[in-house]
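# Remarks on the overall topology
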Amino acid sequence: LETDKDKLTIEAYSGTPKVFAGMAIAGSFNDWGDTDMAPCATGWENHDWYLEYTFKAGDEVKIKEAGSWDFNKGGKLVELENGYYAYGVGNGDNFWIPEDGTYLILFNDITGFVRFIKK
């Protein structure tokens, strides 16, 4: 999306994405164990995951393949008016939770796009 040119380009994804059996969050709040995320779709190939979780300010979080650290995403959350966003980076820094609260976490395992929406 190029807003200064009023132009949107859409291209088909050309890769073959891995289909994960499960995704989880892990971090300082659960001794780096898995807290499972739920798939947004069932009955067909899923790449979108969600979880509602209550954190304390300063908690550190990664999103990862359930049961393995081979695929994990971290990075820096950016605050916008309706939540926190990031493009997860493979083996990136831990996400840092800025304030106490319950968050709806949304994650796409192809794009790495993450949202933390405070409830």
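Residue numbering note: each chain is counted from 1, following its sequence as written. The predicted nature of this model means local features are confined to residues of pLDDT at least 70 and side-chain atom pairs, given and counted, to a pLDDT of 80 or more, with totals for whole chains, interfaces and linings taken over all residues. Note that water and hydrogens are dropped before the side-chain values are worked out from all heavy atoms of the structure.

## What to know about the nonpolar core
Rules: Put simply, buried Ala, Val, Leu, Ile, Met, Phe, Trp, Tyr and Cys residues joined by side-chain atoms within 4.5 Å make one nonpolar core. Relative accessibility under 20% of the residue-type maximum defines a buried residue, over 50% an exposed one, and the middle range a partly exposed one, all with a 1.4 Å probe and only protein chains included. Note on conventions: DSSP H or I runs of at least 4 residues are helices, E runs of at least 2 residues are strands, and numbering of each starts at the N terminus.
Membership of the largest hydrophobic core comes to 21 residues, with the highest contact counts inside it found for Ile25, Met37, Phe55, Ile63 and Phe116. Put simply, the parts of the chain that give this core at least two residues each are β1 (23-27), β4 (48-55), β5 (60-65), β8 (83-87), β11 (101-108) and β12 (113-118).

## Details of the sheet that holds β8
Test applied: Any two strands between which DSSP finds at least two bridges are classified as paired.
The strand order across the open sheet built from six strands is β3-β4-β11-β12-β8-β7, with neighbouring strands paired in antiparallel fashion. Where the open sheet ends on each side, the last strands, each with one partner, are β3 (38-39) and β7 (78-80).

## Observations concerning the environment of Phe113
Position of Phe113 among the secondary structure elements: in strand β12. The spacing of Phe113 and Tyr85 is 28 residues in sequence and 7.5 Å in space, taken between C-alpha atoms.

## Some thoughts on the environment of Asn94
Put simply, the rule is: It only takes one pair of heavy atoms within 4.5 Å for two residues to be counted as in contact. We define a polar contact as two N or O atoms separated by no more than 3.5 Å, with the added condition that, inside protein, one atom must be a possible hydrogen donor and the other a possible acceptor, whereas residues neighbouring each other in sequence contribute only through side-chain atom pairs.
For Asn94, the location among the structural elements is in the loop between β9 (89-90) and β10 (95-96). Judged by its relative accessible area of 27%, Asn94 is partly exposed. C-alpha separation for the pair Asn94 and Lys73, spaced 21 residues apart in sequence, amounts to 8.1 Å. Each residue touching Asn94, except ones within four places of it in the same chain, is listed here: Trp32, Glu60, Val61, Lys62 and Gly75. Side-chain polar atoms of Asn94 contact the side chain of Glu60, separated by 2.7 Å.

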